[in-house]
Amino acid sequence: MTRKYFGTDGIRGRVGEPPITPEFVLRLGFAAGEVLARRRSGHDRPAVLIGKDTRVSGYMLEAALEAGFAAAGVDVMLCGPTPTPAVAYLTRALRLSAGIVISASHNPYPDNGIKFFSADGGKLPDAVELEIEAALERALACRSSAELGKARRIDDAAGRYIEFCKSTFPNALDLKGLRIVVDCAHGAAYHVAPHVFHELGADVTAVGDEPNGFNINDEVGATHPQALAAAIRAHRADLGIALDGDGDRVLMADASGRTYDGDQLLYVIASRRARRGGLAGVVGTLMTNLALERALGALGVGFARAKGGDRYVLEQLLARGWDLGGENSGHIICLDQHTTGDGIVSALQVLAAMREAGRSLGEVAGTLALFPQKLVNVKVARGFDWERDGAIRAAREAAQGRLGARGRLLLRPSGTEPVLRVMVEGEDGALVDALATELAGVVERAAAAA
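The following paragraphs examine the structure supplied in this document. Every residue gets a number counted from 1 within its own chain, in the order that chain's sequence is written. Local features in a predicted model are, by the rule used here, given only for residues with pLDDT of at least 70; side-chain atom pairs are given and counted only at 80 or more, and totals for whole chains, interfaces and linings are based on all residues. Only heavy atoms go into the side-chain values, all of them from the structure, while hydrogens and water stay out.

1. With respect to the layout of surface pockets
Empty space among the atoms becomes apparent when a probe as large as a water molecule is rolled across them. Throughout, the protein atoms alone are placed on a 1 Å grid, and a set of points is a cavity if a 1.4 Å probe fits but cannot get out or a pocket if it is open with protein on both sides within 12 Å along at least five of seven lines; lining residues have an atom within 4 Å of a point. Grid points are joined across faces, edges and corners, and a volume is the space filled by probe spheres set on the points. Taken as a whole, the second largest pocket encloses approximately 290 Å³ of empty space. Contributing to the lining of the second largest pocket are 14 residues, with Leu36, Arg39, Arg40, Ser97 and Ala119 lying nearest its centre.

This is the structure:
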């Protein structure tokens, strides 16, 4: 069955446009509730947790989801603005049937989305998502009054998650003496992340911690590292940590404001684990920098590439029995610490490597010299069949021929936006820039003519 609504990271779109409308989200809650009710074991009523980021549309979508689940006879627990990985953790800790996050992650505030976690805190299996899509085709109904679900708020969700994050940092270490800037992107981690690092001993300056419903990811957070760099210099901090709107991705910057992406942070974490023994391999994606793959090989660590999207990284990790993987965007999964990507937990893993080595962020992260890489997002119509376009195919083959063994290129559609991503990387930065620009131009012209 072909997916109609679910993408690589749940259901996402512009608020007020299908499918992110109150009517659809109400039906989604009911459909998901029906599926969970059928799948429950024992005689207990199924229960779900609903969290959200700080977008103004979250109020509306939360109410619609709550009503849909209640109509299906599912109890609902509401935890308000909560990072995505916190919902995954709390779903597992509270022994619930599923966790739902209302968020569009790093997208601007007019967008929003719905993503699900299973009872074990992992991504909802494909089969369950398809079952929910099938249920959406049926008419909305309602249980009898005696069977309706109830709703209540979880008031200590933030505190529970703060303690969980701290528990992933080695007991023998602390962050005393470190001055850290934490950029919360005016998102779901605004009332969580600063406390985690402060309670571990750091002197914390929080920025991007004043959400108003409209400023999430607005020139702050992991997608706008210039704000973090400026704050580090202004406060004379030792390093900075930037999260995205729902707190599942991270980038970091050193005292000079130089930023380090997910590939570099993943290398820091992998290097520490390789030194301690027991790191069999790391899973990256098609976008992972070639320099990381080669550096891991030099450490004797295996490497595998998954399709873009943390759900596919997770699938590869589980299939191979490995614990560590991630994307250069800053989604990093440490399965021995959490069931999903977590920006705060990932940052703590990097900080643990720094403290154990007695070195600065620049010293531990700057050892991986990334190959020049250029990514161009070309807007295309949904469903644009770029693989069958002769001009794109010819340009792609010619570009790869010019790169040879000294680089690689990749074309792939985004799972969350109507764009085709054109990525070129290699040892020669000038050639990389030229080829990416040329190839993106060919795609743009082909998409316009389609």
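2. Notes on the pattern of salt bridges
Salt bridges are identified by distance alone: a Lys or Arg side-chain nitrogen within 4 Å of an Asp or Glu carboxyl oxygen. Per the stated rule, a full pass over the model turns up 33 salt bridges. As a salt-bridge pair, Asp53 and Arg55 come within 2.7 Å of each other at their nearest N and O atoms. The rule is simple: take the accessible area with a 1.4 Å probe, protein chains only, and divide by the maximum for that residue type; under 20% is buried, over 50% is exposed, in between is partly exposed. For Asp53, a relative accessible area of 2% corresponds to the buried category. Residue classification places Arg55 among the buried positions, given a relative accessible area of 1%. In this structure, Arg408 engages Glu425 in a salt bridge whose closest nitrogen and oxygen atoms are separated by 2.5 Å. In this pair, Arg408 is assigned in strand β17 (residues 407-413) and Glu425 in strand β18 (residues 419-426), connecting sequence segments 17 residues apart. The burial state of Arg408 is the same as that of Glu425; both residues are buried. Through salt bridges with shared partners, a single ionic network connects Asp9, Arg12, Lys115, Lys123, Asp246, Asp248 and Asp310. In this description a helix means any DSSP run of H or I spanning at least four residues, a strand means any run of E spanning at least two, and both kinds are numbered starting from the N terminus.

3. A short note on the sheet that holds strand β13 (residues 302-306)
The strand order β13-β12-β14-β15 describes an open sheet built from 4 strands, whose pairing is mixed. Lying at the two open borders of the sheet, with one neighbouring strand each, are β13 and β15 (332-334). Each strand axis lies, on average, 20° off the axis of its neighbour in the sheet, ignoring direction. Between any two strands, pairing holds if DSSP finds at least two bridges. For helices, the fitted line uses only the C-alpha atoms of the stretch in contact; every axis is such a line through C-alpha atoms, and the angle between N-to-C directions lies from 0 to 180 degrees.

4. Some words on the side chain of Arg272
Residue position: Arg272 is located in helix α8 (residues 262-276). Note on Arg272: relative accessible area 8%, which makes it buried. Here a residue-residue contact requires only that any non-hydrogen atoms of the pair lie within 4.5 Å. Ignoring anything within four residues of it in the chain, the contact list for Arg272 reads Pro170, Gln349, Ala352, Ala353 and Glu356.

5. Let's talk about the sheet that holds strand β11 (residues 259-260)
What the 5 strands build is an open sheet, ordered β8-β7-β9-β10-β11; its pairing is mixed. Both edges of this open sheet fall to β8 (203-207) and β11, since each of them pairs with a single strand only. Relative to strand β10 (residues 250-254), strand β9 (residues 239-243) is paired through 5 bridges, and the arrangement is antiparallel. Bridge pairing in β10 places Leu243 opposite Val250. The strands touched by helix α7 (residues 225-235) are β7 (179-183), β8, β9, β10 and β11; relative to β7, the strand with the most contacts, the crossing angle is about 150°.

6. Here we look at the pairing of β10
Along β10, 5 of the 5 residues are buried, which leaves the element largely enclosed by surrounding structure. Side chains Val250, Met252 and Asp254 of β10 all project onto a buried face; the interleaved residues Leu251 and Ala253 project onto the opposite face, where all are buried too. A loop of 6 residues connects β9 with β10, the two strands running antiparallel in sequence, and Gly247 in this loop sits at a positive phi of about 80°. By the bridge criterion, 2 bridges tie β10 to β11 in an arrangement that is antiparallel.

7. What to know about helix α14 (residues 429-449)
Expected helix span is computed as 1.5 Å times (number of residues minus one). Here α14 is 21 residues long and its end C-alpha atoms lie 31 Å apart, about the 30 Å a rise of 1.5 Å per residue gives. Leu431, Val432, Leu435, Ala436, Leu439, Ala440, Gly441, Val442, Val443, Ala446 and Ala447 are the residues of α14 that are buried. Those residues of α14 that are buried lie in contact with β16 (373-379), α13 (390-403), β17 and β18. Side-chain atoms alone can form a polar contact between residues adjacent in sequence; in general such a contact is a pair of N or O atoms within 3.5 Å, and within protein one must be able to donate a hydrogen while the other accepts it. The residue sitting at the N-terminus of α14 and contributing the capping side-chain oxygen is Asp428; that oxygen lies 3.1 Å from the backbone nitrogen of Ala430.

8. Some words on unusual backbone geometry
In the segment running from Pro18 into Pro19, the intervening peptide bond is cis, with an omega of 10°. With respect to the helices and strands, the residue Pro19 is situated in the loop between β1 (11-14) and α1 (22-39). The phi dihedral of His186 is positive, around 50°, even though this residue is not glycine. Relative to the helices and strands, His186 resides in the loop between β7 and α6 (193-199).

9. Quick word on the nonpolar core
Phe197, Ile241, Met252, Ile344 and Leu351 are the most contacted members of the largest nonpolar core, which has 69 residues in total. The element contributing the most residues to this core is helix α11 (residues 343-357), with 9 residues. Not counting residues within four places of it along the chain, the set of residues in contact with Met252 comprises Leu239, Gly240, Ile241, Arg258, Thr259, Tyr260, Leu265, Ala347, Val350, Leu351 and Leu361. Residues belong to a common nonpolar core when they are buried Ala, Val, Leu, Ile, Met, Phe, Trp, Tyr or Cys residues joined through side-chain atoms within 4.5 Å.

10. Thoughts on empty space enclosed by the protein
Applying the stated criterion across every chain, the model contains 3 cavities of 30 Å³ or more. Looking at the lining of the largest cavity, its residues break down into 2 nonpolar, 2 polar and 5 charged. Any residue outside Ala, Val, Leu, Ile, Met, Phe, Trp, Tyr, Cys, Pro, Asp, Glu, Lys and Arg is labelled polar, Gly included; the first ten of those are nonpolar and the last four are charged.

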